[in-house]
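Coordinates in review
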Amino acid sequence: MDRKAFTNKLILAMVSLVSVSFGLLAYLYINYNVTGNAFQFSIYQREHWSQRFYFFFDTVRYQIEYAVNTFKDADYRSFLGLWLPNLSAIFLVLFMMLRSAKKLNPAYMAYMIAYFVYVVAPTWLLSAPRYFAVAFPLAFAAVLLTEDKRWKDILLTTLFIAGGLLYLAVFVSGYPVY
């Protein structure tokens with residue numbers, strides 16, 4: 001690659017990186033204009049929803065504790081609406097990341113690792129399936145996991161459709177789905 005082509009690719013990469021951050025910067029600017037603190041949202045998260053960042057394995061630990069306790073207490077609404085979907089999403093995403101790590105674009109894998117930690121780190125996680133639904137590298141991981149066998153594609157597609165329909169049914173039934 002000649003110098004001019006390299007420079008053009010570098011400029012395009014920099015413009016792409018800068019443009020991605022415009023949404024975040026706009027959000028921080030709005031927070032600053034309204035409250036005087038660009039990170040006021042983190043204070044609101046802590047004060048109103050007990051949200052803090054913590055080591056993500058602790059989130060999995062308490063999610064499992066809540067799942068077991070709500071199941072033992074026959075609180076199936078919370079079990080099916082909150083804890084089972086969260087744990088299923090966390091472990092399915094982790095499995096997909098681990099199984100596709102060698103084949104997935106390294107930049108996508110780095111993004112997924114950072115995204116996974118960010119999603120699973122809050123101290124009061126209620127919406128793991130919703131957060132992971134927009135993690136675009138998972139689509140590429142699914143393709144990589146199923147590319148060599150048609151039955152794997154059918155199995156994964158069936159699993160996703162069944163899980164989505166079950167989650168929809170739980171939501172329509174009025175269970176606490178966030």
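Residues numbered from 1 in each chain as written. Predicted model: local features only at pLDDT ≥ 70, side-chain atom pairs only at ≥ 80, totals over all residues. Heavy atoms only, no water.

Attention shifts here to the overall build of the protein chain. Of regular secondary structure, the protein chain possesses nine helices and zero strands. Going from the N terminus to the C terminus, the protein chain shows its helices and strands as α-α-α-α-α-α-α-α-α. What you see for the protein chain is a C-alpha radius of gyration of 20 Å, clearly larger than the 16 Å of a compact globule of 178 residues, by over 25%. Its C-alpha atoms give the protein chain principal-axis dimensions of roughly 65 × 55 × 30 Å. (Helix = DSSP H or I, 4+ residues; strand = E, 2+ residues; numbered from the N terminus. Rg over C-alpha atoms; globule rule 2.2 N^0.38 Å.)

With that out of the way, let us pick up the layout of surface pockets. Its boundaries defined by the atoms lining it, the largest pocket holds a volume of some 740 Å³. Taken together, 23 residues form the lining of the largest pocket, with Ala-89, Leu-92, Pro-129, Phe-160 and Gly-163 sitting closest to its centre. Among the secondary structure elements, those contributing two or more residues to the lining of the largest pocket are α5 (76-100), α7 (128-132), α8 (137-146) and α9 (150-172). For the lining of the largest pocket, the residue count by class is 19 nonpolar, three polar and one charged. One number sums up the size of the second largest pocket: a volume of about 610 Å³. Together, 21 residues line the second largest pocket, and Gln-45, Gln-51, Tyr-118, Pro-122 and Tyr-131 are the ones closest to its centre. (1 Å grid on protein atoms, 1.4 Å probe; cavity = no way out; pocket = protein on both sides within 12 Å on 5 of 7 lines; lining within 4 Å. Points joined across faces, edges and corners; volume = space filled by probe spheres on them. Nonpolar A, V, L, I, M, F, W, Y, C, P; charged D, E, K, R; others polar.)

This part is about the side chain of Thr-146. Relative to the helices and strands, Thr-146 resides in helix α8. Apart from the residues lying within four places of it in its own chain, the contact partners of Thr-146 are Lys-152, Asp-153 and Leu-156. (Contact = heavy atoms within 4.5 Å.)

At a closest axis distance of 9 Å, the pairing of helix α4 (residues 56-72) and α5 adopts a crossing angle of 145°. In this structure, the crossing between α4 and α5 has a hand that is left-handed. Facing α4, whose interface residues are Val-60, Tyr-62, Gln-63, Ile-64, Tyr-66, Ala-67, Thr-70 and Phe-71, α5 presents Tyr-76, Ser-78, Phe-79, Trp-83, Asn-86, Leu-87, Ile-90 and Phe-91. (Axes fitted to C-alpha atoms, helices over the stretch in contact; angles between N-to-C directions. Left-handed = near helix turned anticlockwise from the far one by under 90°.)

Right, let's get into the pattern of salt bridges. It is possible for side chains of opposite charge to pair when their charged atoms get near one another. The final tally for this structure, using the stated rule, is four salt bridges. The residue Glu-147 makes a salt bridge to Lys-103 at a minimum N-O spacing of 3.4 Å. Of the two residues, Glu-147 sits in the loop between α8 and α9 while Lys-103 sits in the loop between α5 and α6 (106-120), which places them 44 residues apart along the sequence. For Lys-103, a relative accessible area of 52% translates into the label exposed. The partner of Asp-148 in a salt bridge is Lys-152, and the shortest N-O contact between them spans 3.6 Å. Given a relative accessible area of 25%, Lys-152 falls into the partly exposed group. Within this structure, Asp-58, Arg-61 and Glu-65 form a network of salt bridges that share partners. (Salt bridge = Lys/Arg side-chain N within 4 Å of Asp/Glu carboxyl O. Buried < 20%, exposed > 50% of the residue type's maximum accessible area, 1.4 Å probe, protein only.)

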